[in-house]
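Next come the chains, spelled out residue by residue.
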Amino acid sequence: MGRQNGYDHREIERRWQDQWDEADVFRVPDDAEDPAYVLAMFPYTSGQLHMGHVRNYAITDALARYRRMDGDEVLHPMGWDSFGLPAENAANERDTNPREWTERCIEQMREQFEALGFGYDWDREVTTCDPDYYRWNQWIFNRFREAGLVERQAATVNWCPSCETVLADEQVEGEAELCWRCDTPVEERDLDQWFFRTTEYADELLEDIDELDGWPTNVRDMQRNWIGRTEGAEVPFDVETPDATETVRAFTTRLDTIHGATFFALAPDHPLAEAAAERDDEVAHFVEHVADPDGDEPQGVATDMTARNPVTGEELPVFVADFVLSDIGTGALMAVPGHDERDHAFAQSHDLPIRQVIAPEDGADTEDVDIEAAPYTEDGVLVNSGEYDGLSSEPARERLTEEVDGADSAVQYQLRDWGISRQRYWGTPIPIVHCEECGPVSVPDDRLPVELPEFVHTTGNPLDAAEEWKHTECPECGGPAVRETDTMDTFVDSSWYFLRFTSPDLDDAPFDVERANDWMPVDEYVGGVEHAVMHLLYSRFVTKAFADLDLLDHREPFESLTTQGMVLGEDGAKMSKSRGNGVSPERIVSEYGADTARLFVLRAARPDKDFPWSEEGVRSSNSFLKRLLEMAREVDPDAAADDPDDPAAEYVAREVAATVEAATDRFEEMEFNRAVQAIDEMVSLLVRYRDRDAVDPGVVARGVEVAVKLLAPVAPHVCEECWTALDGEGFVAEADWPTPDRDVNDHEQAVRLVERTREDVRDIVEVAGIEEPTAIDVVTAPEWMHDALELARDADGDVVGAVMSDGDLRERGEAAADYAKDLAAAAPALPEALAPDRERATLERAAWLVESEFDAPVRVLAAEEADDDLASKAEPGRPAIHVHEN
RNA sequence: GCGAGGGUAGCCAAGCCUGGAAACGGCGGCGGACUCAAGAUCCGCUCCCGUAGGGGUCCAAGGGUUCAAAUCCCUUCCCUCGCACCA
């Protein structure tokens, strides 16, 4: 592509990428003090960047470049989330191994990153499948184990038969319980699993969400939801079985309704339910064939057991019911059909008594409550509850918790411990050796890393097949032992990688504590919402655990979080192969260049919003860049930008200053789209001004220079090219961010005055049907009107009085009185207006716009200079206008 | 059902927190400049009426607060997302 089409983006982009690299522009030295830490979620190494990546990384790159120009040192690193199942699958399909496949993917992706010109400190690159990285996963495992944060439990786990692996709860999606990766229905299996005890931190993880002001509300909400804290009480019920009396604790949030309990229910997999199934075929049948936890109808079966209500002493029938879930509460519940939807439905279908023990608080509509028809689930006043009658629900709960034998207040969480075991090859080996004598023994730190053995193709877990690797000796007794063959969930890798970036090559610890303390937390973290729960919650957990291990002073990893929206297909739907609406970044980069791609994705919408791809938008981004480069090449870089005498030049200079101010604010808010909009408008004005007869080249030069700097974070290569054309020193990437060179305080009012006046002139010309204006007079209001307006604005109620109390104004007679009345009518919404001299100067500066639009000379006159008739129509902020015609 | 976020002109979308301009901007559409012509570009217009800057009706619907509401409060309807037989 040659000059005539604008610019040769291939040549330009590669050249600047090389030069940045050579000059180490994006390196941040280890001794940097508290650099701005800007981080994008590192990509999984699929080998292909998609448009979503481009957007994600364009956002952080623009922010990082802006911060750098604004004077901060910036840590903007990149790495590879490179362990995981897809690599293994790919290796199996392609007759290669996961490592080679992953390395190739990394190569490809790095090239794509480089082609896009993202400014990363590649010296800090981190690759999770590298033993130098994953050994620290193992080290962390050891620390956590020492601290009691690791547990081995025989657990029922989610098992995906297609992936042949265990899934975390978070990886199971929807009511249908499908695998998050392959949508296969998930089954259950019992396996010995390693867990990180995230529940230890449940309360802190929940409470600290309140402090995360920089996070989107929906993410905070999702985390709260996921942790799912419920306060209530546990109450012991004595359950009579044919063999013995067992005490079963039931969790309830409504202890105040305990007098209304009419039956008791157990989960199908509760030990007592299983024992009952042994004794009773009907129960066995129900448990094995009927129970359907996903069904709409609560189903259950009576048993030969009874439970004693600890408050009333009543005997309650015990059911095994499928709506009771063993992983919620204690897997046993007291059922109060009068005040719970589910219990009510069950009671009706099983013809069990329904008893009202709560009445509405005000008592008035007690009779409206038909407890047989529907449960009353609100709090209220206790009735039919013996000595507790008349108490409100809340105090009743407190008293009952205290007074019922064995009852305790209790808290339930939906959050589970984090099962980190995966029966997979391509992950971090869990540093455990199983010894017949000593049981599971940690591999000591000095023998880390436990490296992955060579990959072998097998239907099962390749680690199981790696006999030589697997058989080892016990670190404690030296006897024969086998290695743990499970590897870690890849979310372990990503739960602390942001710390590794602070000291990526350190070989005696995962990260340098002092530097991490100084550089953390991440100031701005950007990625997709799909990580709202898992990755972000695990990272928070690990950070807190580190803090308690004295490895870190911070308890939260991410100060501010942005979840970026999707890039949709041109048809407005999610990009997908099946729809064929995908757009490949490679094509865009080769056809239009990286700068165009970046500019397009950043100007299309705010970072957190979805937007559809638009080829038209891409083209317009491209031509904008061409125009800017063209201007930069035409400008006389030596032209001085002093205070211009020409009002038009001063007008432009002010607009430039105002744009600096506006764009800077937008960059601060990461509203790149609006920043670009402001720059775009300014460049249009510069073009228009440049094409005028009398031009101050210094003003144009300054304007173009400002445009180039402001746009540099977004379209860095073209801007370097422009910078060179402008004789800029060094890289624009390292230039100082511009500051307004003029006071722009009254800019908004000035813009409004100018816009309004121009519109008025257009209106007049059009409505009056003036074909060819020969001259246009613009007459500002006399000073006394401004004075009157000021008085009116300060007036407290009596506007006319305030205005007419002024001697000078009184002398104006009727004109002043009329205006005072007008002001009074408009009060208290009186407009702010520029002072008379500023108003006039503003109009004079803007006159050239009107002149060029109507091709007629414009005179800006003070009221005294114009004839009275015309002048009398002027008001502050609203000049009188006369259009002359032949 | 619970929770969160939304509903602004033909479409996309800012403004709403901190009330005071028919409501930024873009696309599409219309007109003009340039051109042999088209494209690109530039300048306008784009809720209705209007031969001197005027008038009317507007921000999902309804109500309220206020001198004044797209903006604050209440109610209803609709959309999107997350969670959900949670004891």
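Look above for the structure.
None of the values given here were measured: they were computed from a predicted structure.

A look at the overall build of chain A
Link 1 in the chain: For chain A, the helix and strand inventory stands at 31 helices and 32 strands.
Link 2 in the chain: For 886 residues, the compact-globule formula gives about 29 Å, and the C-alpha radius of gyration of chain A, at 37 Å, lies well above that figure.
Link 3 in the chain: The buried share among the 886 residues of chain A stands at 55%.
Link 4 in the chain: Here the analysis covers contacts within chain A between residues at least 6 apart in sequence; of these, 74% occur between residues at least 24 apart.
Link 5 in the chain: For chain A, the accessible area works out to roughly 39300 Å², and carbon and sulfur atoms hold 42% of it.

Digging into the side chain of E720
Link 1 in the chain: Relative to the helices and strands, E720 is located in helix α24 (residues 716-725).
Link 2 in the chain: An unpaired buried charge is present at E720: no salt bridge exists, and R65, the closest side chain of opposite charge, is 5.4 Å distant.
Link 3 in the chain: Other than its neighbours up to four places away in sequence, E720 contacts W16, W20, F731, V732 and A733.

Regarding the protein's contact with RNA strand B
Link 1 in the chain: Taken together, 44 residues form the shell around RNA strand B, and within it T252, P293, L325, R342 and R752 come nearest.
Link 2 in the chain: The protein-proximal atoms of RNA strand B, defined as those within 4 Å of the protein, are 46% sugar or phosphate.
Link 3 in the chain: The contact in question runs from a sugar or linking oxygen of RNA strand B to an N or O atom on the backbone of T253, over 2.4 Å.
Link 4 in the chain: Taken together, the elements giving at least two residues each to the surface near RNA strand B come down to α7 (217-227), β11 (245-252), α22 (672-690), α25 (747-767) and β32 (880-885).

Some details on unusual backbone geometry
Link 1 in the chain: With an omega dihedral of 0°, the bond running from L448 to P449 counts as a cis peptide bond.
Link 2 in the chain: Within the secondary structure, P449 is located in the loop between β22 (439-442) and α12 (462-465).
Link 3 in the chain: M520 connects to P521 through a cis peptide bond whose omega is -5°.
Link 4 in the chain: Structurally, P521 is set in the loop between α16 (513-519) and β26 (524-527).
Link 5 in the chain: The residue D24 is not glycine, and still its phi comes out positive at about 55°.
Link 6 in the chain: Mapped onto the elements, D24 comes out in the loop between α1 (9-22) and β1 (36-40).

Some words on the pairing of strand β21 (residues 432-435)
Link 1 in the chain: Summarising the sheet, β21 and β22 pair through four bridges and their orientation is antiparallel. Across the sheet, residue H434 finds its bridge partner in β22, namely P440.
Link 2 in the chain: The turn linking β21 back onto β22 is made up of three residues.
Link 3 in the chain: With three bridges joining them, β21 and strand β24 (residues 480-483) adopt antiparallel strand pairing. If you follow V433 over to β24, its bridge partner there is R483.

As for the state of the cysteines
Link 1 in the chain: Evaluated as defined, the whole model comprises zero disulfides.
Link 2 in the chain: Counting only cysteine sulfurs, C477 is the nearest neighbor of C435, a cysteine outside any disulfide, at a range of 3.6 Å.
Link 3 in the chain: Since its relative accessible area comes to 7%, C435 is described here as buried.

A few points about the nonpolar core
Link 1 in the chain: Core analysis: the biggest nonpolar cluster contains 183 residues, and F144, F546 and L711 have the highest contact counts within it.
Link 2 in the chain: In this structure, F546 is in contact with I140, F144, W496, L499, F511, L551 and L552, ignoring residues within four places of it in sequence.
Link 3 in the chain: The next biggest cluster of nonpolar side chains, apart from the first, holds 52 residues, and it includes V239, A267, A273 and L382.

Things to note about helix α5 (residues 131-146)
Link 1 in the chain: The end-to-end C-alpha distance of α5 is 22 Å, a good match for the 22 Å that 16 residues give at a rise of 1.5 Å each.
Link 2 in the chain: Along α5, 13 of the 16 residues are buried, which leaves the element largely enclosed by surrounding structure.
Link 3 in the chain: Two residues or fewer past α5, G148 is found with a positive phi of approximately 75°.

Comments concerning the packing of aromatic side chains
Link 1 in the chain: Within the structure shown, the criterion is met by 48 aromatic pairs.
Link 2 in the chain: Note on F498 and F558: the rings are 4.9 Å apart at their centroids and 70° apart in plane angle, and the pair reads as edge-to-face. Taken as a pair, F498 in helix α15 (residues 497-500) and F558 in the loop between α17 (534-548) and β27 (561-563) lie far apart in primary sequence, 60 residues in all.
Link 3 in the chain: When its relative accessible area of 0% is taken as the criterion, F498 is described as buried.
Link 4 in the chain: Judged by its relative accessible area of 0%, F558 is buried.
Link 5 in the chain: Here the aromatic cluster, defined as three or more aromatic residues joined through ring pairs, consists of F141, F144, W194, F196, Y201, W418, F491, F511, Y538, F541 and F546.
Link 6 in the chain: Note that R143 overlies the ring of W139, its terminal NZ or CZ placed 4.8 Å from the centroid.
Link 7 in the chain: When the ring centre of W519 is taken as origin, the NZ or CZ atom of R515, which lies over that ring, is 5.9 Å away.

Brief notes about the pattern of salt bridges
Link 1 in the chain: A full pass over the atoms with the stated rule returns 72 salt bridges.
Link 2 in the chain: Of the charged contacts, one joins R15 and E11 as a salt bridge, the two residues approaching to 2.6 Å between their closest N and O atoms. Highlighted residues: R15 and E11, both in helix α1, separated by four residues, approximately one helical turn.
Link 3 in the chain: Relative accessible area serves as the criterion here: at 27%, R15 is assigned to the partly exposed category.
Link 4 in the chain: A residue is classified by how much of its surface remains accessible, and E11, at 39% relative accessible area, is partly exposed.

Structural notes on the sheet that holds strand β2 (residues 74-75)
Link 1 in the chain: With respect to topology, four strands assemble into an open sheet ordered β2-β1-β26-β27, the strand pairing being parallel. Strand pairing shows two members of the sheet lacking a second neighbour, β2 and β27, which therefore form its edges.
Link 2 in the chain: With three bridges joining them, β26 and β27 adopt parallel strand pairing. Directly across from G527, in β27, lies its bridge partner T563.
Link 3 in the chain: Sheet strands in contact with helix α2 (residues 51-69) are β1, β2 and β26, and its direction is about 170° off that of β1.

What counts as what
- Each residue is numbered by its place in its chain's sequence as written, counting from 1.
- Lettering of chains starts at A and numbering of ligands starts at 1, both following the order in which they are written.
- Totals for whole chains, interfaces and linings use all residues, but because this is a predicted model, local features are given only for residues with pLDDT of at least 70 and pairs of side-chain atoms are given and counted only at 80 or more.
- Calculation of side-chain values draws on the structure's entire complement of heavy atoms; hydrogens and water are dropped beforehand.
- The helix and strand labels rest on DSSP assignments: H or I over at least four residues marks a helix, E over at least two residues marks a strand, and numbering proceeds from the N terminus.
- What the globule rule says is 2.2 Å times the number of residues to the power 0.38, and the radius of gyration is computed from C-alpha atoms.
- Note on classification: 1.4 Å probe, protein chains only; a residue is buried when its accessible area is under 20% of the maximum for its type, exposed when over 50%, partly exposed between these limits.
- In this description, contact between two residues means that some pair of their heavy atoms is separated by no more than 4.5 Å.
- In short, Shrake-Rupley with a 1.4 Å probe defines the accessible areas, and a residue's cover is counted only from the protein chains shown.
- Counting rule for charge: Lys and Arg are taken as positive, Asp and Glu as negative, and neither His nor the chain ends is counted.
- We define a salt bridge as a contact between a side-chain nitrogen of Lys or Arg and a carboxyl oxygen of Asp or Glu at a distance within 4 Å.
- It suffices for a single heavy atom of a residue to lie within 4 Å of a molecule or strand for the residue to be listed as near it.
- Any pair of nitrogen or oxygen atoms within 3.5 Å is treated as a polar contact; in protein, a donor-acceptor pairing is required on top of that, and neighbouring residues in sequence qualify only through side-chain atoms on both sides.
- Paired strands, as defined in this entry, are two strands with at least two bridges between them according to DSSP.
- In plain terms, two cysteine sulfur atoms within 2.5 Å form what is called a disulfide here.
- For the purposes of this section, nonpolar cores are sets of buried Ala, Val, Leu, Ile, Met, Phe, Trp, Tyr and Cys residues that join through side-chain atoms within 4.5 Å.
- Between the first and last residue of a helix there are one fewer steps than residues, each counted as 1.5 Å, and that sum is the expected span.
- Stacked, tilted and edge-to-face are the three classes assigned to paired rings of Phe, Tyr and Trp, where Trp is represented by its six-membered ring and a pair needs centres within 6.5 Å; plane angles under 30 degrees give stacked, over 60 edge-to-face, the rest tilted.
- The criterion for a charge sitting over a ring is simple: Lys NZ or Arg CZ within 6 Å of the ring centre, and within 35 degrees of the ring normal.
- Working convention: axes come from line fits to C-alpha atoms, limited for helices to the stretch in contact. Angles between N-to-C directions cover 0 to 180 degrees.

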